[in-house]
There are 4 protein chains.
Amino acid sequence: MTRKKLNIGLIGSGFMGQAHADAYRRAALLYRNLKAEPILHTFADATPELAAEGASRFGFLHSTHDWKKLVTNPEIDLVDITTPNSMHFEMAMAAIEAGKHVYCEKPLTVNLEDAKALSEAAKKHGVKTMVGFNNIKTPSALLAKQLIDRGDIGQITRFRGWFDQGFFNDSDMPWSWRCSRKLAGTGSLGDLGAHVISVAQFLMGPIESVLGQEQTFFKTRPAPGDGSGYKASADLNAKRLDVENEDQFQSLVQFKNGAGGTIESSRIAAGKVFGVYWEISGTEGTIIMDGERFNELKIVRYQDDKADRGFKTVYAGSQVEQFNGFFGFDFAGGGLGYFDVKVIEIYDLIQGIMDSSSCFPDFDFGYENQKIIDAMAQSVSEKKRIFIKG
Amino acid sequence: MTRKKLNIGLIGSGFMGQAHADAYRRAALLYRNLKAEPILHTFADATPELAAEGASRFGFLHSTHDWKKLVTNPEIDLVDITTPNSMHFEMAMAAIEAGKHVYCEKPLTVNLEDAKALSEAAKKHGVKTMVGFNNIKTPSALLAKQLIDRGDIGQITRFRGWFDQGFFNDSDMPWSWRCSRKLAGTGSLGDLGAHVISVAQFLMGPIESVLGQEQTFFKTRPAPGDGSGYKASADLNAKRLDVENEDQFQSLVQFKNGAGGTIESSRIAAGKVFGVYWEISGTEGTIIMDGERFNELKIVRYQDDKADRGFKTVYAGSQVEQFNGFFGFDFAGGGLGYFDVKVIEIYDLIQGIMDSSSCFPDFDFGYENQKIIDAMAQSVSEKKRIFIKG
Amino acid sequence: MTRKKLNIGLIGSGFMGQAHADAYRRAALLYRNLKAEPILHTFADATPELAAEGASRFGFLHSTHDWKKLVTNPEIDLVDITTPNSMHFEMAMAAIEAGKHVYCEKPLTVNLEDAKALSEAAKKHGVKTMVGFNNIKTPSALLAKQLIDRGDIGQITRFRGWFDQGFFNDSDMPWSWRCSRKLAGTGSLGDLGAHVISVAQFLMGPIESVLGQEQTFFKTRPAPGDGSGYKASADLNAKRLDVENEDQFQSLVQFKNGAGGTIESSRIAAGKVFGVYWEISGTEGTIIMDGERFNELKIVRYQDDKADRGFKTVYAGSQVEQFNGFFGFDFAGGGLGYFDVKVIEIYDLIQGIMDSSSCFPDFDFGYENQKIIDAMAQSVSEKKRIFIKG
Amino acid sequence: MTRKKLNIGLIGSGFMGQAHADAYRRAALLYRNLKAEPILHTFADATPELAAEGASRFGFLHSTHDWKKLVTNPEIDLVDITTPNSMHFEMAMAAIEAGKHVYCEKPLTVNLEDAKALSEAAKKHGVKTMVGFNNIKTPSALLAKQLIDRGDIGQITRFRGWFDQGFFNDSDMPWSWRCSRKLAGTGSLGDLGAHVISVAQFLMGPIESVLGQEQTFFKTRPAPGDGSGYKASADLNAKRLDVENEDQFQSLVQFKNGAGGTIESSRIAAGKVFGVYWEISGTEGTIIMDGERFNELKIVRYQDDKADRGFKTVYAGSQVEQFNGFFGFDFAGGGLGYFDVKVIEIYDLIQGIMDSSSCFPDFDFGYENQKIIDAMAQSVSEKKRIFIKG
């Protein structure tokens with residue numbers, strides 16, 4: 001039996017471009033039930049040389065320096081966008097209008113109107129879409145979803161979530177696009193908090209209102225020298241540029257289901273490497289995802305005998321369909337890593353495209369995510385509670 | 001060399017009364033440098049029989065059913081109040097006016113005016129006072145204070161703290177004084193959040209403004225049958241009474257030092273037993289007190305070599321003066337328990353009384369604590385940020 | 001209702017003497033169901049001055065510098081021995097022969113014959129005895145016993161246990177009695193391993209055979225200057241004395257019930273403070289007591305649904321009778337400390353004395369413990385497996 | 001610049017065959033400094049159909065049902081063997097004799113003579129070899145090696161290591177090759193203990209002598225039905241076959257460097273999923289690799305100030321060369337998973353082949369590993385300490 005083919009066009013050669021290229025090939029290898037064979041068809045980058053080099057390195061058949069040719073190429077089925085955030089909108093819109101399915105890294109766009117336009121265009125053109133919110137594709141998040149839907153923790157009462165990193169906790173770390181209102185929008189909120197919001201959307205459902213506050217401690221940073229992103233370095237005598245958005249953010253959240261909660265983010269949390277945490281309580285139990293241990297949950301359930309109620313460490317393994325591509329037997333403790341989660345994303349993406357079902361999380365989810373971020377930012381600037389519009 | 005004597009008058013025979021009686025005797029035994037010998041002089045309870053029985057059980061020399069006689073007895077040096085919260089004010093005020101030093105369990109009072117009046121009266125009468133905020137007398141809190149004062153974590157950027165318990169996460173748990181506005185004031189905020197606020201006062205300094213929200217999921221509870229407090233039970237057919245205050249509370253906090261943060265509390269956090277957590281970040285490091293492990297801190301410091309920066313588990317032992325009464329050598333991992341922390345309180349209380357220095361935390365601290373709780377409650381009802389008055 | 005009185009005679013003013021004095025008074029206060037009131041009757045120490053000073057500090061009515069008078073005083077019911085190990089035998093034997101109940105700190109004696117003689121004498125004279133093995137009086141050990149007896153983990157298959165401390169991991173730490181064959185017998189085995197053996201005796205039952213090996217890395221130490229025990233310091237130019245026993249010890253153990261296992265100890269385990277660990281597996285589950293967290297167990301049980309089998313953190317609280325003296329409600333996470341465990345010992349001791357039942361662990365248990373230590377030491381010197389005699 | 005090509009011939013289509021195929025492609029993608037491009041040249045499996053299907057699925061250019069043709073094909077540079085253990089010897093020997101480099105999964109062979117013969121043949125023919133001991137390719141093991149070599153923990157005093165799994169802790173789990181002396185040799189020792197031994201070889205150096213004991217609790221198992229390995233199921237009425245090797249194993253180990261230690265393994269450790277643990281103490285510190293957290297170490301060092309000595313959680317990231325293929329920036333907490341460790345193996349393999357240096361761990365290492373396992377088994381059967389021959 002031969003699989004259908006799905007021709008991929010990938011734009012962007014950074015860390016995430018490489019991670020996607022890796023994940024397509026691995027999904028094809030690991031998941032025997034994958035409904036289409038992803039073909040690495042065309043790779044686009046800024047110059048012909050870069051494009052050719054990337055195509056060779058990533059294993060693509062063709063390359064182009066003109067992403068517009070890629071998105072309109074009739075052979076391409078799926079356009080995958082891993083370029084800087086501010087370029088997402090134009091590329092995704094062109095792909096949708098060309099009738100392509102689109103997979104875009106988070107955040108979907110840098111402003112709300114663009115996200116809305118993409119979400120509506122995707123519906124109008126009947127294409128399938130996905131945004132790369134990897135925190136809701138971990139084995140632990142997938143297992144938590146099952147438990148909550150099954151009623152294991154009863155009526156939900158509270159959400160507590162944060163994403164802390166410490167990479168910017170140094171006044172000599174150079175200025176980057178992350179510090180620019182225009183290129184990045186908010187600071188730690190959009191960069192890191194967006195992931196926590198995605199978990200809240202996935203596991204808690206709609207947010208009714210938000211109240212936020214923020215602080216910035218490193219108000220200028222030296223202009224960047226070599227490298228970029230996390231790898232940037234700076235001449236310490238370089239001119240210092242203004243940091244235009246917040247280092248850390250805290251918010252109160254009220255959910256439509258009646259639950260309350262907090263969502264926080266920081267890029268200057270000293271010593272935190274990949275500091276994601278979320279905790280959901282209900283009338284019948286509590287679920288905690290602690291730190292980087294995304295192969296496991298801590299679960300307490302009131303179904304259990306009171307005499308030995310306690311938090312149990314449960315590995316997400318064969319309870320989660322997507323896990324079975326990796327091991328096929330219960331070896332959950334052995335553990336998936338960061339890159340494996342991207343393979344799960346690709347699996348869900350391809351199954352969604354080939355199915356009658358939709359992909360998840362789609363552009364509508366990305367738009368909702370952006371709506372919440374915008375409301376949080378608005379709450380900070382207007383100093384009041386903002387209600388999310390329906 | 002013989003120690004001076006300090007005659008104690010204790011009011012209240014509950015769990016906390018017993019804990020105090022235990023702690024006086026132990027402080028005298030464990031701390032050779034204790035500046036006065038606490039004499040268990042007079043014990044007061046509601047009836048002559050109860051008073052006599054408590055005096056016998058707790059080891060007091062005398063007993064009375066009339067607390068007013070106790071507070072005015074010229075032989076008494078220190079009045080210790082462990083009665084229900086709503087009785088604190090009258091007793092403490094009478095004791096102050098009689099020129100006694102006063103040790104009062106938290107919360108100082110159930111309303112702000114009373115707390116203020118007590119704080120002012122204590123200053124006017126020149127007596128020493130202390131409020132039983134035991135969360136700032138743990139070895140970990142005392143060590144954290146040292147580290148922060150020494151500058152180990154640089155400029156403080158954020159506080160995150162909560163106190164979660166699950167004892168009320170059951171709709172059949174009977175109504176208690178904790179559910180009454182009149183007897184308890186706020187719900188989880190005043191009962192549990194007050195402790196987190198005390199930690200924030202101790203380690204972070206003054207709070208500038210707060211923004212709170214709250215939720216109540218168990219809106220009625222059966223009238224209590226036998227027992228009271230944590231030990232109460234109810235007939236499930238009992239009449240259901242209204243719960244008048246919040247089950248859970250979340251807040252945003254802005255500190256005078258520029259740091260931001262969150263403070264939360266819950267009495268319905270499923271599965272949490274003694275769920276205290278606090279985390280303080282600064283430009284040079286982060287300190288975490290995680291769960292019930294109050295003998296230790298998790299510390300990361302940027303002084304350390306970057307190549308192996310990481311959270312270190314540090315036991316609070318002989319770095320902390322108060323620890324040395326217990327072991328006299330470094331055996332921190334062996335661990336102090338809940339009751340030992342009360343002994344530290346008594347040690348600090350007696351040293352403060354006998355010293356030229358003041359006791360800590362005094363009634364002024366308790367008044368500040370109440371001011372913050374009130375501002376948080378006001379923020380909930382007025383749906384806006386409240387600035388704490390100077 | 002008034003309790004019977006039980007007159008206590010305590011010998012020894014060190015850390016452990018103080019801990020016992022503290023624990024008698026606390027047991028009387030905390031346990032309302034205590035079957036006798038312990039009266040701190042007579043305290044003995046080496047000189048009249050020391051004895052008087054200790055009696056005053058510890059709250060005893062009388063003092064003596066002649067322990068023989070104490071053990072034969074007809075008013076004394078219970079003799080409590082906290083002197084250096086090499087003095088235990090003579091004192092305990094004299095007390096037994098005087099018809100007193102005897103409570104002796106571990107180890108019972110420094111050689112096997114003495115332990116045997118004491119065990120036999122106690123039976124002959126019909127007195128009750130107890131040895132201070134505090135590791136089997138922790139809430140976690142008491143809970144583990146319940147679970148195992150109830151069959152929760154099925155047929156036992158393996159024991160893994162160690163006690164690691166790092167206090168001697170420094171070649172400049174002075175020589176002490178712990179280094180002497182005559183005063184201490186074995187090194188880390190008898191000092192620390194004895195506790196692990198006590199846990200194995202309590203939870204696993206009889207040991208059939210043992211195979212040991214040992215290492216010593218610090219072969220000499222400077223003669224001690226001021227202080228003693230953990231608090232000793234030395235002049236670094238002091239003469240270096242020979243260390244006569246092992247720094248670390250490892251053994252294979254075969255239990256009568258068919259299970260296998262390992263028991264280890266070290267006094268030079270760098271960085272370990274109070275490093276006790278034990279783990280028991282059976283055909284239906286595993287129980288782990290990890291580190292200093294003696295208020296909790298990690299438990300996995302095959303009774304639980306396979307889909308979320310995992311290690312659960314269970315606090316030992318009201319499931320354990322002895323816990324209820326402390327809190328009276330489920331507050332296990334709040335935690336008992338090292339000193340509270342001594343109170344549990346005293347409770348079990350007094351209940352055992354007043355009951356028709358025996359005390360546990362008695363001198364027979366202490367003799368068994370010594371038998372196993374001796375067999376382990378014999379295995380090292382004879383380089384072969386040693387079978388424990390029945 | 002174009003890389004040299006390295007033609008791979010892979011034998012075996014099981015879980016491990018797939019993991020290797022995945023890892024070659026990923027190593028080529030992730031490591032820009034990889035010294036040769038691995039070409040998936042020929043895949044061999046038992047029948048032409050299986051071979052063709054595997055080649056297609058794994059991405060190989062050619063296929064064959066005759067592994068002998070693969071190993072003698074002049075185009076093949078590296079033969080990769082992932083077949084059942086009992087077939088390793090014949091295939092590896094043929095490959096060596098054909099002058100190929102050989103990469104073989106662990107264990108190298110099922111008996112010692114074969115391992116010796118392979119090790120000698122590889123030297124004689126001057127080919128490079130590697131055995132798939134993945135536990136010494138984790139970021140944590142690589143970091144521990146650096147620390148120990150640098151002297152961070154001083155003179156090594158003790159090793160403690162185990163590998164526990166619970167997959168066989170059920171009498172209805174069917175019999176498999178793992179239960180057969182002929183097909184597997186020892187039981188949990190060779191299957192799981194071999195990994196711990198590899199860590200000891202890597203981090204501790206040569207073992208001088210061993211003393212072992214073992215237990216088997218599940219003495220028969222039902223004949224297997226469908227599936228095999230971890231995925232097998234059985235008809236519960238199936239005939240029961242004898243289990244010929246041990247369920248669990250414990251040993252005492254004496255190292256050439258003077259350190260002592262224990263090595264244990266179990267396949268019936270209830271509730272353990274991937275229960276690897278190792279701990280190394282020295283005169284200047286201790287290193288712990290706890291559970292499945294192979295991205296991190298717990299480290300204590302006496303270089304640190306005594307006042308806050310404590311175990312520090314250190315992520316292995318850019319300190320480890322091999323990590324940098326994955327992230328290129330410090331994102332260690334994000335974490336590598338099981339499959340990523342195989343990519344590190346392939347990286348080290350290819351660099352070793354292309355270099356003047358040798359590969360690590362080579363067949364000599366595998367032979368040493370087998371020598372230790374054999375000595376442990378011999379110790380069990382002869383009931384005495386066995387000295388490892390030089």
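The numbers attached to residues start from 1 for each chain and follow its sequence in the written order. Note on labels: chains are lettered from A, ligands numbered from 1, in written order. Under the rules for a predicted model, residues below a pLDDT of 70 receive no local features and side-chain atom pairs below 80 are neither given nor counted, while totals for whole chains, interfaces and linings still include all residues.

Asks: Provide a residue-level description of the overall build of chain A, including the pertinent values.
Replies: Helix and strand counts for chain A stand at 10 helices and 17 strands. The C-alpha atoms of chain A give a radius of gyration of 21 Å, which matches the 21 Å a tight globule of 390 residues would have. Based on the C-alpha atoms only, the size of chain A along its principal axes is roughly 65 × 60 × 40 Å. For every residue, the other C-beta atoms within 10 Å of its own C-beta are counted; 20 or more classify it as buried, 12 or fewer as exposed, and values in between as partly exposed. C-beta atoms are placed from the backbone. Every one of the 390 residues in chain A was classed for burial, and the buried ones make up 62%. The helix and strand labels rest on DSSP assignments: H or I over at least four residues marks a helix, E over at least two residues marks a strand, and numbering proceeds from the N terminus. Only the C-alpha atoms count toward the radius of gyration. The rule for a globule is 2.2 Å times the residue count to the power 0.38.

Asks: How would you explain the sheet that holds strand β2 (residues 36–44) of chain A if you had to name every residue and give the values?
Replies: All names here are of chain A. In space, the six strands of this open sheet follow the order β3-β2-β1-β4-β5-β6, with parallel pairing throughout. Among the strands making up the open sheet, the edge pair consists of β3 (62–64) and β6 (129–131). For this sheet, the mean inter-axis angle between neighbouring strands, taken without regard to orientation, is 25°. With three bridges joining them, β2 and β3 adopt parallel strand pairing. Its bridge partner being in β3, Thr 42 is matched across the sheet by His 62. Each of β1 (4–11), β2 and β4 (78–81) touches helix α1 (residues 15–30); the most contacted strand, β2, lies at about 155° to it. Note that contacts rest on C-beta atoms placed from the backbone: two residues are in contact if these are within 7 Å. Angles here are taken between N-to-C directions and fall from 0 to 180 degrees, while the axes themselves are lines fitted to C-alpha atoms, restricted in helices to the stretch in contact. Each of β1, β4 and β5 (101–104) touches helix α4 (residues 88–97); the most contacted strand, β5, lies at about 160° to it. A strand pair is defined by DSSP finding two or more bridges across the two strands.

Asks: Describe in detail the interface of chain C and chain A, supporting the description with residues and values.
Replies: In this assembly, 10 residues from chain C lie in contact with 10 residues from chain A. Here the element with the most residues in the side of chain C that touches chain A is strand β16 (residues 312–315) of chain C; it accounts for four residues. In terms of residue class, the side of chain C that touches chain A is made up of five nonpolar, three polar and two charged. Three residue categories are used. Nonpolar comprises Ala, Val, Leu, Ile, Met, Phe, Trp, Tyr, Cys and Pro, charged comprises Asp, Glu, Lys and Arg, and polar comprises the others, including Gly.

Asks: Describe the pairing of strand β16 (residues 312–315) of chain D, listing the residues and the values that go with them.
Replies: Residues and elements named next belong to chain D. Neither face of β16 is exposed, since Lys 312 and Val 314 on one face and Thr 313 and Tyr 315 on the opposite face are all buried. Here strand β15 (residues 296–301) pairs with β16 via four bridges, running antiparallel. Opposite Glu 296, over in β16, you have Tyr 315 as the bridge partner.

Asks: Give a description of the relation of the copies chain A and chain B that names residues and reports values.
Replies: The copies are overlaid by a least-squares fit using only the C-alpha atoms of residues whose pLDDT is at least 70 in both copies. Between chain A and chain B, which share one sequence, the superposing operator has a rotation angle of 180° and an axial displacement of 0.0 Å; the RMSD is 0.0 Å. With respect to symmetry, the two chain copies, as superposed, fit the operation of a two-fold axis. Taken as a fraction of all interface residues of chain A, those also at the interface in chain B reach 100%, which identifies the copy contact as same-surface.

Asks: Describe the sheet that holds strand β6 (residues 129–131) of chain C, listing the residues and the values that go with them.
Replies: Two pairing modes exist for strands in a sheet, parallel and antiparallel, and in both the strands are linked by backbone hydrogen bonds. Residue and element names in this part refer to chain C. Spatially, the six strands line up as an open sheet ordered β3-β2-β1-β4-β5-β6, and their pairing is parallel. At either end of the open sheet lies a strand with only one pairing partner, and these are β3 (62–64) and β6. Averaged over all adjacent pairs, the angle separating strand axes in this sheet is 25°, with direction ignored. In the sheet, strand β5 (residues 101–104) pairs with β6 via three bridges, with the strands oriented parallel. Within β6, the position partnered with Tyr 103 by the bridge is Met 130. Against the sheet, helix α4 (residues 88–97) engages β1 (4–11), β4 (78–81) and β5, with an angle of about 160° to β5.

Asks: Lay out the domain arrangement of chain A in plain terms, naming residues and giving numbers.
Replies: All names here are of chain A. The source of the domain bounds is an automatic or database domain assignment. Looking at chain A, the domain boundaries give domain 1 (4–134) and domain 2 (139–335 + 360–382). Measuring from the centre of the C-alpha atoms in domain 1 to the corresponding centre in domain 2 gives 25 Å. Taken together, the contacts link 21 residues of domain 1 with 20 residues of domain 2. The set of elements that each furnish at least two residues to the side of domain 1 that touches domain 2 consists of α5 (112–125) and β6. Residue contributions to the side of domain 1 that touches domain 2 peak at six residues, all from α5. Looking at side-chain class alone, the side of domain 1 that touches domain 2 contains 13 nonpolar, six polar and two charged residues.

Asks: Quick one: what's the story with the packing of helix α4 (residues 88–97) of chain D against helix α5 (residues 112–125) of chain D, residue by residue and with numbers?
Replies: Residues and elements named next belong to chain D. Orientation of α4 relative to α5, taken along the N-to-C sense of each, is 10°, at an axis distance of 9 Å. Relative to α5, α4 is oriented roughly parallel. Along this stretch, α4 crosses α5, giving a crossing that reads as left-handed. Of the residues in α5, those in contact with Phe 89, Ala 92, Met 93, Ile 96 and Glu 97 of α4 are Asp 114, Ala 117, Leu 118, Ala 121, Ala 122 and His 125. Partitioning the contact of α4 with α5 into residue classes produces eight nonpolar, one polar and two charged. Angles below 35 degrees are treated as roughly parallel, those above 145 as roughly antiparallel, those between 65 and 115 as roughly perpendicular, and all remaining angles as oblique. Left-handed describes a crossing whose near helix is turned anticlockwise from the far helix through less than a right angle; right-handed describes the clockwise counterpart.

Asks: If you had to explain the environment of Ala 141 of chain A to someone new, which residues and values would you point to?
Replies: Residue and element names in this part refer to chain A. Tracing the sequence through the fold places Ala 141 in helix α6 (residues 139–149). Through-space distance from the C-alpha of Ala 141 to that of Phe 202 is 8.7 Å; in sequence the pair is 61 residues apart. For Ala 141, the contacting residues outside a window of four places in its chain are Asn 135, Ile 136, Val 199 and Phe 202.

Asks: Go over the relation of the copies chain C and chain A with me, naming the residues and quoting the values.
Replies: Expressed as a screw transformation, the operator carrying chain C onto chain A has a rotation angle of 180° and an axial translation of 0.0 Å, and the superposed copies differ by an RMSD of 0.1 Å. Comparing contact sets, 100% of the residues at the interface of chain C also lie at the interface in chain A, consistent with an isologous, same-surface contact.

Asks: Tell me about unusual backbone geometry, residues and numbers included.
Replies: Note the cis peptide between Phe 360 of chain C and Pro 361 of chain C, where omega equals -10°. Checked against the element boundaries, Pro 361 of chain C lands in the loop between α9 (338–354) and α10 (363–382).

Asks: Any details on α5 of chain A? Residues and values, ideally.
Replies: All names here are of chain A. Expected span, for any helix, means 1.5 Å times one less than how many residues it has. The terminal C-alpha atoms of α5, which comprises 14 residues, lie 20 Å apart, in line with the 20 Å expected from a rise of 1.5 Å per residue. Along α5, the residues that are buried comprise Ala 115, Leu 118, Ser 119 and Ala 122. Summarising the axial view, the buried residues of α5 lie within an arc of 95°, below the 170-degree limit, and thus occupy one face. Opposite the buried face of α5, at more than 90 degrees from it, the exposed residues are Glu 113 and Lys 124. Among the structural elements, α4, β6 and α10 (363–382) are those in contact with the buried residues of α5. Looking one or two residues beyond α5, the residue adopting positive phi is Gly 126, at roughly 65°. What the arc describes is the spread of directions from the helix axis to the C-beta atoms.

Asks: Tell me about the pairing of strand β13 (residues 275–282) of chain B, residues and numbers included.
Replies: All names here are of chain B. For β13, the tally of buried residues reaches six of eight residues, placing the bulk of the element in the interior. Here eight bridges tie strand β7 (residues 156–164) to β13, and the two strands are oriented antiparallel to one another. Bridge pairing links Trp 162 to Tyr 277 in β13. In this antiparallel pair of consecutive strands, β13 and strand β14 (residues 285–290), the connection spans two residues.

Asks: Can you explain the nonpolar core? Please cite residues and give values.
Replies: If you look at the biggest cluster of nonpolar residues, it comprises 237 residues, and the most contacted ones within it are Ala 27 of chain C together with Ala 27 of chain D. Leu 336 of chain A together with Leu 34, Ala 122 and Phe 294 of chain B belong to the second-largest nonpolar core, a separate cluster that totals 235 residues. A set of buried Ala, Val, Leu, Ile, Met, Phe, Trp, Tyr and Cys residues, joined through C-beta atoms within 7 Å, is what we mean by a nonpolar core.

Asks: Break down helix α1 (residues 15–30) of chain D for me, citing the residues and quoting the values.
Replies: Along its 16 residues, α1 of chain D runs 22 Å from first to last C-alpha, staying within 8% of the 22 Å computed at 1.5 Å per residue. The buried fraction of α1 of chain D amounts to 13 of the 16 residues, a majority that puts the element mostly inside the structure.

Asks: For the environment of Met 91 of chain A, give the residues involved together with the corresponding values.
Replies: Residues and elements named next belong to chain A. Following the sequence through the fold, Met 91 ends up in helix α4. A sequence separation of 12 residues divides Met 91 from Val 79, and the C-alpha atoms of the two residues are 9.0 Å apart. Aside from chain neighbours lying at most four places away, what touches Met 91 is Ile 11, Trp 67, Val 71, Ile 81 and Thr 83.

Asks: I'd like a rundown of the packing of helix α6 (residues 139–149) of chain C against helix α8 (residues 188–204) of chain C, residues and numbers included.
Replies: Working note: a packed helix pair is described by the angle between its axes plus the distance between those axes. Residues and elements named next belong to chain C. At their nearest, the axes of α6 and α8 sit 9 Å apart, and the two run at 30° to each other. It follows from the interaxial angle that α6 and α8 lie roughly parallel. Note on element contacts: α8 touches α6 through Val 199, Phe 202 and Leu 203, opposite Ala 141, Ala 144, Lys 145 and Ile 148.

Asks: Account for the environment of Asn 324 of chain D, with residues named and values stated.
Replies: With respect to the element layout, Asn 324 of chain D can be found in the loop between β16 and α9 (338–354). Sequence separation between Asn 324 of chain D and Asp 45 of chain D is 279 residues; the distance between their C-alpha atoms is 34 Å.

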